[in-house]
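Overview (structure and organization)
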Amino acid sequence: MDYPTIKILHQGAVLLSVSGFFARGLGGLLGAAWVGSRTARTLPHLIDSVLLLSALLLVWMLRLSPLAAPWLLAKILGLLLYIALGMLALKPGRSPGLRTAAWLAALATVGWIVSVAISKSPLGWLYWL
């Protein structure tokens, strides 16, 4: 596959992953039963696998290194924060207040990650201020 195809695949996977996280987080906070279904627990892993694979392919095709591209390192660190916040947000045993705060913080974090990808600056949206 060529670079533009993989980039579109990656962007589509980002859209599906974030949309799914938004829906699962909101559904979980509202007590929707479908959030615990096998599909709702399995499909995100498939989408996130495509997302990770396409990201690794893009990095390889562009010959990028997180040490040589600070914006890439910022995205990776942001991703780790997003994962941690997402785990808190989607964990049923946590308090609703903590889950809501973690869900909103995770969504803000992914917004910042996208802004880093667009600006190619570790500052993300702060780059435009």
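Above this note sits the structure.
Fair warning: this is a prediction, and the values are worked out from it, not measured in the lab. (Residues numbered from 1 in each chain as written. Predicted model: local features only at pLDDT ≥ 70, side-chain atom pairs only at ≥ 80, totals over all residues. Heavy atoms only, no water.)

**Details of the overall build of the protein chain**
A count of helices and strands for the protein chain gives 4 helices and 0 strands. When the helices and strands of the protein chain are listed from N to C terminus, the series reads α-α-α-α. A compact globule built from 129 residues would reach a C-alpha radius of gyration of about 14 Å, and the protein chain, at 16 Å, matches this within 12%. Taking the principal axes of its C-alpha atoms as reference, the protein chain extends roughly 45 × 35 × 20 Å. Here the protein chain holds 129 residues, and 29% of them are scored as buried. Of the contacts formed within the protein chain by residues at least 6 apart in sequence, a portion of 61% connects residues at least 24 apart. Total accessible area computed for the protein chain in this model is approximately 8200 Å², and 75% of it derives from carbon and sulfur atoms. (Helix = DSSP H or I, 4+ residues; strand = E, 2+ residues; numbered from the N terminus. Rg over C-alpha atoms; globule rule 2.2 N^0.38 Å. Buried < 20%, exposed > 50% of the residue type's maximum accessible area, 1.4 Å probe, protein only. Contact = heavy atoms within 4.5 Å. Areas by Shrake-Rupley, 256 points an atom, 1.4 Å probe, with all protein chains shown as cover.)

**Description of the side chain of Ser 17**
Mapped onto the secondary structure, Ser 17 falls in helix 1 (residues 3-30). Take Ser 17: its relative accessible area is 12%, and that puts it in the buried class. In this structure Ser 17 touches Ile 47, Asp 48 and Leu 51, once residues within four positions along its chain are discounted.

**Remarks on the packing of aromatic side chains**
What the rule picks out here adds up to 2 aromatic pairs. Judged by centre distance (5.2 Å) and plane angle (40 degrees), the rings of Phe 22 and Trp 103 are tilted. Taken together, the residues Phe 22 in helix 1 and Trp 103 in helix 4 (residues 96-119) connect sequence positions 81 residues apart. Judged by relative accessible area, which is 40%, Phe 22 ranks as partly exposed. Assessed through its relative accessible area of 8%, Trp 103 is described here as buried. Here Arg 63 stacks its cationic end above the ring of Trp 60, 5.4 Å away from the centre of that ring. When the ring centre of Trp 71 is taken as origin, the NZ or CZ atom of Lys 120, which lies over that ring, is 4.8 Å away. (Phe/Tyr/Trp six-rings, centres within 6.5 Å; stacked < 30°, edge-to-face > 60°. Lys NZ or Arg CZ within 6 Å of the ring centre and 35° of its normal.)

Remember, this is a structural readout, not a statement about activity or role.
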